[in-house]
Amino acid sequence: QVQLVESGGGLVQAGGSLRLSCATSERGYVTGWFRQAPGKDREFIAAISMSGGNTYYADSMKGRLTLSRDNAKNTVYLQMNSLKPDDTGIYYCAAGRVMSGSVSDFHYWGQGTQVTVSS
């Protein structure tokens, strides 16, 4: 069972930045990031390959996100810039075996971290 722990969420003003972290208990998995706004479905935003050499971003946040991976620390980082109030939600990281934007392709999930962007 892979365990994932997100951190770095918080309250930020519109236009600000946050860096989220996802610490994992094991290597060898693709790491994805998803977010869920109140009353909405969970939405894919980005994924990074096991090596960190490949990244995949959703169009909704492309250009405002940067993913990186430190395999020595078993940690993935999601840098988010130019945040908007619509970016508010719970942000989850997840582990899977394929580079995908589908919730069903990720089998292990963290508990989520709240991001709130004020206008």
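Everything below is about the structure shown above.
Overview of the overall build of the protein chain
Piece 1. Helix and strand counts for the protein chain stand at zero helices and 11 strands.
Piece 2. Across the protein chain, helices and strands are ordered from the amino to the carboxyl terminus as β-β-β-β-β-β-β-β-β-β-β.
Piece 3. Taken over the C-alpha trace, the protein chain has a radius of gyration of 13 Å; the compact-globule value for 119 residues is 14 Å, and the two agree within 12%.
Piece 4. Each principal axis of the C-alpha atoms in the protein chain carries an extent, and together these give about 40 × 30 × 25 Å.
Piece 5. Put simply, the protein chain has 119 residues, and 44% of those count as buried.
Piece 6. Across the protein chain, the fraction of contacts at a sequence separation of at least 24, relative to all contacts at a separation of at least 6, is 57%.
Piece 7. Taken as a whole, the protein chain presents about 5,900 Å² of accessible surface, with 45% of it coming from carbon and sulfur.

Observations concerning the environment of N81
Piece 1. Assignment of secondary structure puts N81 in the loop between β8 (75-80) and β9 (89-96).
Piece 2. Through-space distance from the C-alpha of N81 to that of C22 is 17 Å; in sequence the pair is 59 residues apart.
Piece 3. Setting aside anything within four residues of it in sequence, one finds N81 in contact with G16, S17 and R64.

Focus: the sheet that holds strand β7 (residues 65-70)
Piece 1. Pairing within the open sheet is antiparallel, and its four strands lie in the order β1-β3-β8-β7. The sheet is open, and its two edges are formed by β1 (4-7) and β7, each paired on a single side. Strand-to-strand twist across the sheet, computed as the mean angle between neighbouring axes with direction ignored, equals 15°.
Piece 2. Relative to β8, strand β3 (residues 18-24) runs antiparallel, the two sharing six bridges. Bridge pairing in β8 links R19 to Q79.

Some remarks on the packing of aromatic side chains
Piece 1. Following the criterion strictly, the structure yields six aromatic pairs and no others.
Piece 2. Aromatic pair F34 and F106: ring centres 5.3 Å apart, planes at 75°, arrangement edge-to-face. Here F34, found in strand β4 (residues 30-36), pairs with F106, found in strand β10 (residues 106-109); they are 72 residues apart in sequence, far enough to count as distant.
Piece 3. Judged by its relative accessible area of 3%, F106 falls in the buried class.
Piece 4. With a centroid separation of 6.4 Å and 75° between ring planes, the pair formed by Y92 and W109 is classed as edge-to-face. Taken together, the residues span a long stretch of sequence, with Y92 in strand β9 and W109 in strand β10 at a distance of 17 residues.
Piece 5. Using a relative accessible area of 10% as the deciding quantity, one classes Y92 as buried.
Piece 6. Above the face of the Y29 ring, R97 is positioned so that its terminal group lies 4.0 Å from the ring centre.

Quick notes on the rules
- Residues numbered from 1 in each chain as written.
- Predicted model: local features only at pLDDT ≥ 70, side-chain atom pairs only at ≥ 80, totals over all residues.
- Heavy atoms only, no water.
- Helix = DSSP H or I, 4+ residues; strand = E, 2+ residues; numbered from the N terminus.
- Rg over C-alpha atoms; globule rule 2.2 N^0.38 Å.
- Buried < 20%, exposed > 50% of the residue type's maximum accessible area, 1.4 Å probe, protein only.
- Contact = heavy atoms within 4.5 Å.
- Areas by Shrake-Rupley, 256 points an atom, 1.4 Å probe, with all protein chains shown as cover.
- Pairing = 2+ DSSP bridges.
- Axes fitted to C-alpha atoms, helices over the stretch in contact; angles between N-to-C directions.
- Phe/Tyr/Trp six-rings, centres within 6.5 Å; stacked < 30°, edge-to-face > 60°.
- Lys NZ or Arg CZ within 6 Å of the ring centre and 35° of its normal.

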